[in-house]
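Here is what each chain is made of, one letter per residue.
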Amino acid sequence: MTEEKKRCAKRVYNGSFRGSLCSKPYFATEDGGDWCKVHAPSTIKAKNEKREALWAKQRKQREAGYAIGDAQRAVIDVAKGWISDPGDELNIRALKRAIQDLIDAENKAKAL
Ligand SMILES: [Zn+2]
């Protein structure tokens with residue numbers, strides 16, 4: 001009985017028309033096929049999940065940055081109203097709230 005050496009079933013394209021089977025060492029049998037460490041479905045899945053987690057984190061950071069920008073513009077708008085009548089209680093309250101919103105947006109971004 002001769003045992004055939006297991007090898008990765010991934011066909012890699014290296015310039016030839018049909019390509020050739022991957023020559024990296026055998027790693028595991030998964031989903032009905034034999035694979036090297038690079039082409040194993042579990043490796044590819046883990047890599048994709050890692051990349052998607054990174055993208056989700058970057059998206060959150062970008063959104064937090066936009067929220068800071070929005071809050072900064074709100075402070076400027078409200079401050080323009082306040083400067084026209086600095087003693088007005090409504091203007092003071094609006095400015096305090098806008099500043100608090102900006103601080104909250106910055107703290108939220110820092111926490112990411
Ligand atoms: Zn392979």
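Before any of the text, the structure's been laid out above.
In this report, the structure presented in the accompanying data block is examined. What you see is a predicted model; the values in this text were computed from it and never measured.

## Considering the overall build of the chain
Now for step 1: In terms of helices and strands, the chain carries two helices and four strands.
Now for step 2: The N-to-C order of helical and strand elements in the chain reads β-β-β-β-α-α.
Now for step 3: Radius of gyration (C-alpha) of the chain: 29 Å, far over the 13 Å computed for a compact globule of 112 residues.
Now for step 4: Seen through its principal axes, the chain has C-alpha atoms that stretch 95 × 30 × 15 Å.
Now for step 5: Burial statistics for the chain: of 112 residues in total, 8% are counted as buried.
Now for step 6: Excluding contacts between residues fewer than 6 apart, the proportion of contacts in the chain whose partners are at least 24 apart in sequence is 40%.

## Notes on the packing of helix α1 (residues 41–84) against helix α2 (residues 89–110)
Now for step 1: At a closest axis distance of 9 Å, the pairing of α1 and α2 adopts a crossing angle of 165°. Compared by their axis directions, α1 and α2 come out roughly antiparallel. As for how α1 packs across α2, the hand of that crossing is left-handed. Between α1 and α2, the residues in contact are Ala64, Gly65, Ala67, Ile68, Ala71, Gln72, Ala74, Val75, Val78, Ala79, Gly81 and Trp82 and Asn91, Ile92, Ala94, Leu95, Ala98, Ile99, Asp101, Leu102, Ala105, Glu106, Lys108 and Ala109, respectively.
Now for step 2: Residues of the contact of α1 with α2, tallied by class, amount to 17 nonpolar, four polar and three charged.

About the criteria used
Residues numbered from 1 in each chain as written. Predicted model: local features only at pLDDT ≥ 70, side-chain atom pairs only at ≥ 80, totals over all residues. Helix = DSSP H or I, 4+ residues; strand = E, 2+ residues; numbered from the N terminus. Rg over C-alpha atoms; globule rule 2.2 N^0.38 Å. Buried ≥ 20, exposed ≤ 12 C-beta atoms within 10 Å, placed from the backbone. Contact = placed C-beta atoms within 7 Å. Axes fitted to C-alpha atoms, helices over the stretch in contact; angles between N-to-C directions. Parallel < 35°, antiparallel > 145°, perpendicular 65-115°, else oblique. Left-handed = near helix turned anticlockwise from the far one by under 90°. Nonpolar A, V, L, I, M, F, W, Y, C, P; charged D, E, K, R; others polar.

As far as function goes, none of this settles anything; it's purely spatial.
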